[in-house]
Amino acid sequence: MKYILVTGGVISGVGKGVIASSFGTLLSACGIPITCIKIDPYINIDAGTFSPFEHGEVYVLDDGGEVDLDLGNYERFLDVVLHRHNNITTGKVYKNVIDGEREGKYLGKTVQVVPHITDEIQEWVERVAKTPVKDNVEPKVCIIELGGTIGDIEGMPFVEAFRQFQFRVKKENFCVAHVSLVPSPRATGEPKTKPTQASVRELRGLGLSPDLIVCRSENPIGDEVKEKISNFCHVAPEQVITIPDLSSIYHVPLMMEQAGVVDIVNERLQLNLGIPRPPGFMQSWRDLAERVENVYKKVNIALVGKYTRLEDAYASVSKALMHASIAVGYKLELKFIEACNLERDVKRQNPHLYYDAWHTLTNSHGIIVPGGFGTRGVEGKIRACQWSRENKKPMLGICLGLQVAVIEFARNVLKLEDAASTEVYEETPHPLVVDMPEHNPGSYGATMRLGKRTTVFKGDSKIRKLYNGVDHIDERHRHRYEVNPDYVAELEKHGMRFVGHDEDEQRMEIMELDNHPYYVATQFHPEYLSRPLKPAPAFLGLILAAVGKLDSYLTTGQLKRQQLNNQTHQLLTCESSSDDDLQHQRRTRPLSTGGSPEKSKKGASPTKQNGVSTPTTVTETITNGNAS
């Protein structure tokens, strides 16, 4: 087994996750089975109890593990299925050691950080590195990302563990890549290497010598700077790799390959890779990066969420929307709307926020209402669902998004004015959404319905066609509350169909509204299984509906998911004429209000923005280590 340890210096969020994923992408393209481990030095057992404002979204794995969102990077880049043990935390390590001490494992010994904690870390890494994550093939290379920065007190036991580990597995099987920031202060206008020098010096002082130094910077770095880092950090110039901020993270593996990373790792770890590379090496990745750069038409999607001040809280949702947009041949413009700002109370207290939020919502081509917990913002999400339903605007609800869509329908169609979720209003006379006692024993942390579960389709539906007409699907879940089955018959009687349920037909998994372009909601989280070359069907349906192409997609039956790898861009954009493309290339103003992009191009006059901030164009920059 070969190991690549990725460490970080100077600041956190420097891009270690993307760099680690890019190592895996390059080696996978060489035909080497890869696995990844993310080490988080915090004492929490897992990420399940984190606030989204603290660390971004909680990523859920097939086995129900609630982990750091960087594991989402790995799964999307490498198209693998990781396990809960691929995420190591200080809390997990100490719990194992303490449990072992209580069981008499160390009887007669004083349990200490060295050797007991460090031994547990090394044994964990060796054990998990052998676990298959794709096609039941044992990995040959394990990429380990050590969270935080070198010098953090929380990470010291892990650094010491890997200092020992390099001798345990022998030099030819262990490689260290150090990712460091090279800032360019405006006062001087030139890159400064001192922070990187200090970071590498500290790393070496702790017993680890970098074999590769990956320099992150805002702008490209010249050869003089690379030579300086080489001289002061005791590595050859070709072992200093520079990765500036890029328009798309899909360019990162390509830039690393161009810098000779594969050859360096091949020589360092004695991988015996064939040279030259096989024909078509990284070609699908090149095609993807080129496609991202060469889309001109835009689709505006409004995300109505509760944690919008930190965009990483919706990292997987954003990526899934982008994957679908790229496949359809559109550039995604994602606008974040704080759900609270859509509520009537805000109209009185802060009318500017209220009207801005509604202006953004009504000028979008599609709406997504993602998951969340707690009472805040629920009424705003309900109002967004009502507007989407009544105005035939494409909408996708996820988890809480399904629940609020059901509550809205019950209030305004079934006329159950007090309909609510027991999470929000325990004494409601019409509990449309109720908790699941068997999954909520009263404590927090892994007490929800988590991980991959089977959803069985019922009857014909748009969402089923998007899944190619299969009988059932497996998707990942993370929820404590569900639609109350006592109200399902009445809801369906009025046109809200539950077209997917669990295997026992007790839990409603997918809702679809009749007589609507696309009004779909799922209890599961389809964003977790979306991949750059295999967009999640639920998200693909939203984007297709938003650009007015869903009906043709479903009618022809010619566009199957497996074709999205290399044909979807051409097939889905074939309806547009060359004049249409020219119009979009020449466009110098935002899309006009209402309707799909197809309608907005036909001479509609532009609308004034009324002070609304410019929408976020999702280009997946590498300025944050949590991007993917």
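Residues numbered from 1 in each chain as written. Predicted model: local features only at pLDDT ≥ 70, side-chain atom pairs only at ≥ 80, totals over all residues. Heavy atoms only, no water.

A. Fine view of the sheet that holds strand β9 (residues 240-244). Strand order in the open sheet made by the seven strands is β5-β2-β6-β1-β7-β8-β9, with parallel pairing throughout. With one partner strand each, in any of the chains shown, β5 (87-89) and β9 form the two edges of the open sheet. The sheet shows a mean angle of 20 degrees between the axes of neighbouring strands, direction not considered. The strands touched by helix α8 (residues 223-233) within the sheet are β8 (212-217) and β9, with β9 carrying the most contacts at an inclination of about 135 degrees. (Pairing = 2+ DSSP bridges. Helix = DSSP H or I, 4+ residues; strand = E, 2+ residues; numbered from the N terminus. Axes fitted to C-alpha atoms, helices over the stretch in contact; angles between N-to-C directions. Contact = heavy atoms within 4.5 Å.)

B. Quick peek at the nonpolar core. Judged by nonpolar contacts, the single largest core of 97 residues is most densely connected at I4, F23, I301, L321, I368, I463 and F539. W358, L361, A384 and A410 belong to the second largest nonpolar core, which has 43 residues in total. (Core = buried A, V, L, I, M, F, W, Y, C linked by side-chain atoms within 4.5 Å. Buried < 20%, exposed > 50% of the residue type's maximum accessible area, 1.4 Å probe, protein only.)

C. Region of the structure containing the environment of C399. When you line up the elements, C399 lands in the loop between β13 (395-398) and α16 (400-412). Using a relative accessible area of 4% as the deciding quantity, one classes C399 as buried. Residues contacting C399, with those up to four places away along its chain left out, are G371, R478, H479, T522, Q523, F524 and H525.

D. Just the environment of I463, in detail. Within the secondary structure, I463 is located in helix α17 (residues 462-466). Distance from I463 to L540, taken between C-alpha atoms, is 9.9 Å for residues 77 residues apart in sequence. Setting aside residues no more than four positions away along its own chain, I463 makes contact with F457, V499, I510, E512, Y518, V520 and A538.

E. The sheet that holds strand β14 (residues 419-421), seen in detail. Pairing within the open sheet is mixed, and its three strands lie in the order β14-β15-β18. The open sheet has two edge strands, β14 and β18 (481-483), and neither has a second partner. When strand polarity is set aside, the average angle formed by the axes of neighbouring strands in this sheet is 30 degrees. Pairing of β14 with strand β15 (residues 430-435), which is carried by three bridges, proceeds in the parallel orientation.

F. Structural detail: the packing of aromatic side chains. Inspection of the entire model under this criterion finds 13 aromatic pairs. Residues F77 and W285 carry aromatic rings whose centres are separated by 5.3 Å and whose planes lie at 45 degrees to one another, so their mutual orientation is tilted. In this pair, F77 is assigned in helix α3 (residues 70-78) and W285 in helix α11 (residues 283-293), connecting sequence segments 208 residues apart. Overall, F77 belongs to the buried group, its relative accessible area being 7%. Accessibility expressed as a relative area gives 7% for W285, which makes it buried. Centroid distance F165 to F174: 6.1 Å. Interplanar angle 75 degrees. Geometry classified as edge-to-face. By the burial criterion, F165 is buried, and F174 matches it. Members of the aromatic cluster, joined through ring pairs, are Y3, F162, F165 and F174. If you follow R309 out to its NZ or CZ, it ends over the ring of F53, 3.7 Å from the centre. (Phe/Tyr/Trp six-rings, centres within 6.5 Å; stacked < 30°, edge-to-face > 60°. Lys NZ or Arg CZ within 6 Å of the ring centre and 35° of its normal.)

G. Examining the packing of helix α1 (residues 16-29) against helix α10 (residues 261-269) more closely. In contact at an axis separation of 11 Å, α1 and α10 are set at 80 degrees when each is read in the N-to-C sense. The angle between the axes of α1 and α10 places the two elements in the roughly perpendicular class. Counting all contacts with α1, which are made through F23, L26 and L27, the residues of α10 involved are V261, V262 and V265. Here the residues of the contact of α1 with α10 sort into six nonpolar, no polar and no charged. (Parallel < 35°, antiparallel > 145°, perpendicular 65-115°, else oblique. Nonpolar A, V, L, I, M, F, W, Y, C, P; charged D, E, K, R; others polar.)

H. View of the environment of H83. Turning to its location among the elements, H83 is positioned in the loop between α3 and β5. Separated by 17 residues in the primary sequence, H83 and E66 place their C-alpha atoms 9.8 Å from one another. Those residues in contact with H83 that sit more than four places away from it in its chain are L61, D63, L71, T131, P132 and V133.

I. Inspection of the pattern of salt bridges at higher detail. Following the criterion strictly, the structure yields 31 salt bridges and no others. Across the pair K192 and E190 runs a salt bridge whose closest N-O atoms are separated by 3.1 Å. The class for E190 is partly exposed, based on a relative accessible area of 41%. R497 serves as the salt-bridge partner of D514, at 2.9 Å between the closest nitrogen and oxygen. One end of the pair, D514, is in the loop between β20 (508-513) and β21 (519-522); the other, R497, is in strand β19 (residues 496-501), with 17 residues separating them in the sequence. (Salt bridge = Lys/Arg side-chain N within 4 Å of Asp/Glu carboxyl O.)

J. Layout of the pairing of strand β12 (residues 366-369). Here β12 shows no split at all, with G366 and I368 on one side and I367 and V369 on the other all buried. As paired elements, strand β10 (residues 298-305) and β12 share three bridges and run parallel to each other. Bridge pairing in β12 places I301 opposite G366. As paired elements, β12 and β13 share three bridges and run parallel to each other. Counterpart to I368 in the pairing with β13 is L396. Between β12 and its parallel partner β13, the chain crosses via helix α15 (residues 378-390), and the hand of that crossover is right-handed. (Right-handed = clockwise from strand over helix to strand, strands pointing away.)

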